[in-house]
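Fold and geometry: a report
One-letter residues, chain by chain:
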Amino acid sequence: MIDLHNLTKRYGSQIVVDDVSITVERSESVALWGPNGAGKTTIVRCILGMLAYEGTITIDGLDAHSQGKAARRLMGYVPQELAFYPDLTVVETLDFSAALRRLPATRVDEMIDLVDLGPHVEKRVRELSGGLKQRLGLAAALLPDPPVLLLDEPTSNLDAAAREAAVALLHDLREQGRIMIVTSHHLEEVGMLVDRVVALEAGRVTVECPPNQLAERLRLRAWLHLVPAHAAIDAAVAALRDGGFDARANSYGVLVEVSAQSKGLALETLRSAGIEIADLEVWR
Amino acid sequence: MTTRAAAASHFDVDLVATIARKELRDAVRARWFWLYAVGFAGLAALLATVALPRGIAGSVGFGRTAASLVALVQLVLPLIALTLGAQSIAGQAERGTLRFLLSHPVTRSEVFVGTYAGLASALVALCGFGFGVAGLVASARNAGIDAGAFVRIAILSLLLAWAMLALGMLISTFASKGATALGTAVFLWLALVFLGELGIMGTAVATRLPVDVLFLSAVANPVEAFRIAALSALSGSLDVLGPAGTYAVDTYGRALEPLLVGILVAWAVVPVMVAWRRFVRGRDL
């Protein structure tokens, strides 16, 4: 179990995490969700004992500050900014990480297979793409088969295909019954990976709820960028406004503000008005 | 603290060795290491050659080679070791690799000691390479090497390098950026190598410092402590230093060299202890 009690982090007079209390039970996966600067990464670094903080953090009864070394034995961590030693190869990086955890070399081989890094083991880290670095980070975090996984924006450097594969892997890891704390600002990803979302804003907890309630609880909005067929931009704007949407034309399409959970309503409105949509994007 | 936590939190020498090996391997692989090593060895070989013109051999030849090496060491080794130490902690913190390291079950003490040990080992390799090449060149030119004096100078050089490494790491733990640490280290090198000697000479002339104050002011500078200890090891006489040298020999006699070695050891230990304390109590990462 992980217990954060009245956690506060200040940088000078600036408070970046403000009196946060969160308990994560065994086998539970929790997302720290919020915009940049909400305090998600700071909380993860406090749990790892990298930052001085006020309040208490315990991991399976071990104090994250005074018993940090023992506590970190229980945790694997994938940072948002993947900073490995650039001149080490993939296998040397994992060997070093395994040596620091006193793990056998066979474990390194298992992790290389798990994240499919086999063809890249002799590459130096500085030669790796963002996606491969992310896989290396995951392999290093999973080396000790930790009961706790801390994942800081685990798919932020990945393209769509790699993100799907990573989410599938993380979903499997979640099913294995370990504690997962995931920071993210991707709503869909959070929905697939966690049991509970803790939404943060300016260092404070604003909402705690299951992921399927988050959009409604926070009244999240999104923008749809629609490209109508046959350049029917004006007609599309008019139809959407008639349907009660906030819509406006831009250079080659229509921007319409929608509820994050009911994006289909705008499309249905246009379909009813006989307007075809050639392409669309979701902007948050 | 629970038994489980206590067992996991003790200072682990094996982990220190793992970190030190990685630091040493990184250093030996790095271009700067070979640039420094080849530059140092090349200069040492050049000095061994030019210090021994035709017709000069035997102990006189060795003395000239060794004196040239001392001059080279007091100029080059402090720069190498200071910049190496300065870039260690600050550079790793800036690149984020320190965060990767500290996400493992290691303590800050283990990371610090492992880093220092690895870099100190790299300096052993570098000094060994430089002195080895110089020794080979001097032997080839029939310089009549005094092996005892040569080894003593090599050991003093290593002590100087470790003292400078300690000062570099001290700078590194206080600097927020690698570039700041590097700039500070270069400024300190200038101060120790050039301003120190010139400053003391100028002050002595301007203020007519008593000779004992002049001597103690000089040896407080680790570079000067090394120079005086090396000259003493080489010839047993410090006449070349003028009145301060005569004073030192008359006052301290046989205790002079242990005193100077003690000063170098203190410079190697005290800054690194302060740096360790600063790092362990720690900056946020």
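Attention here is on the structure that accompanies the text. Every chain's residues receive numbers from 1 upward, in the order its sequence appears when written. Think of it this way: whatever chain is written first is A, whatever ligand is written first is 1, and the rest follow in order. Local features are withheld for residues below a pLDDT of 70 in this predicted model, meaning they are given only at 70 or higher, and side-chain atom pairs are given and counted only at 80 or more; totals for whole chains, interfaces and linings count all residues.

1. A closer look at the overall build of chain B
Looking only at helices and strands, one finds 12 helices and zero strands in chain B. Secondary structure elements are taken from DSSP: a helix is a run of H or I of four residues or more, a strand is a run of E of two residues or more, and numbering for both begins at the N terminus. Mapped in sequence order, the helices and strands of chain B form the string α-α-α-α-α-α-α-α-α-α-α-α. Comment: burial labels come from other C-beta atoms within 10 Å of the residue's own C-beta, placed from the backbone, where a count of 20 or more is buried, 12 or fewer is exposed, and between is partly exposed. For chain B, buried positions account for 47% of its 285 residues. What counts as a contact is two residues whose backbone-derived C-beta atoms lie within 7 Å of each other. For chain B, restricting intrachain contacts to residue pairs at least 6 apart in sequence, the fraction spanning at least 24 positions comes to 84%.

2. A closer look at the interface of chain A and chain B
Between chain A and chain B, the contact holds 22 residues from the first and 23 residues from the second. Elements that contribute at least two residues to the side of chain A that touches chain B include exactly helix H2 (68–72) and helix H3 (90–100) of chain A. At four residues, H3 of chain A tops the list of elements feeding residues into the side of chain A that touches chain B. In terms of residue class, the side of chain A that touches chain B is built from 14 nonpolar, two polar and six charged. Classes in brief: Ala, Val, Leu, Ile, Met, Phe, Trp, Tyr, Cys and Pro nonpolar; Asp, Glu, Lys and Arg charged; the others, Gly included, polar.

3. Re the packing of helix H2 (residues 13–29) of chain B against helix H6 (residues 108–140) of chain B
All names here are of chain B. Under this scheme, a helix contributes an axis fitted over its contacting stretch, all axes are lines through C-alpha atoms, and angles between N-to-C directions fall in the 0 to 180 degree range. Remark: H2 packs on H6, axes separated minimally by 7 Å, with the N-to-C direction vectors making an angle of 40°. Judged on the interaxial angle alone, H6 and H2 are oblique. You can see that H2 and H6 cross each other, and the crossing is right-handed. In contact with Leu-15, Val-16, Ile-19, Ala-20, Arg-21, Lys-22, Glu-23, Leu-24, Ala-27 and Val-28 of H2, H6 contributes Glu-110, Val-111, Val-113, Gly-114, Thr-115, Ala-117, Gly-118, Leu-119, Ser-121, Ala-122 and Ala-125. Partitioning the contact of H2 with H6 into residue classes produces 13 nonpolar, four polar and four charged. Oblique is the label for every angle not falling under 35 degrees (roughly parallel), over 145 degrees (roughly antiparallel), or within 65 to 115 degrees (roughly perpendicular). Helix crossings are classified by the rotation of the near helix relative to the far one: an anticlockwise turn of less than a right angle makes the crossing left-handed, while a clockwise turn makes it right-handed.

4. Looking at the environment of Ala-161 of chain A
Residue and element names in this part refer to chain A. Considering the arrangement of structural elements, one finds Ala-161 in helix H6 (residues 160–175). C-beta crowding within 10 Å serves as the criterion here: with 9 such atoms nearby, Ala-161 is assigned to the exposed category. Sequence separation of Ala-161 and Val-194 is 33 residues, and the distance between their C-alpha atoms is 21 Å.

5. Some points on the environment of Arg-217 of chain A
Residue and element names in this part refer to chain A. Position of Arg-217 among the secondary structure elements: in helix H8 (residues 214–218). Under the C-beta neighbour-count criterion, Arg-217 is labelled partly exposed, with 14 such atoms within 10 Å. Along the backbone, Arg-217 and Asp-159 are 58 residues apart, and their C-alpha atoms lie at a distance of 29 Å. With sequence-adjacent residues up to four places away left out, Arg-217 is seen in contact with Val-207 and Cys-209.

6. A short note on the sheet that holds strand E13 (residues 253–259) of chain A
Residue and element names in this part refer to chain A. The strand order across the open sheet formed by four strands is E12-E13-E11-E14, and the pairing between neighbours is antiparallel. A strand with exactly one partner marks an edge of an open sheet, and here the two such strands are strand E12 (246–250) and strand E14 (277–283). With strand direction ignored, the average angle separating the axes of adjacent strands in the sheet is 25°. Here a strand pair is declared whenever DSSP counts at least two bridges between the two strands. Bridge count between E12 and E13: five bridges; the pairing is antiparallel. Bridge pairing in E13 places Arg-248 opposite Leu-255. Helix H9 (residues 233–242) rests against strand E11 (221–228), E12 and E13 of the sheet, and its axis sits at about 170° to E12. Here helix H10 (residues 264–272) sits on the sheet in contact with E11, E13 and E14, set at roughly 130° to E13.

7. Points about unusual backbone geometry
All names here are of chain A. We note that Asp-60 has phi near 50°; this positive angle belongs to a residue other than glycine. Relative to the helices and strands, Asp-60 resides in the loop between strand E4 (54–59) and strand E5 (62–63). In this structure, Arg-102 takes a positive phi of about 55° despite not being glycine. Examined against the element boundaries, Arg-102 turns out to sit in the loop between H3 and helix H4 (105–114).

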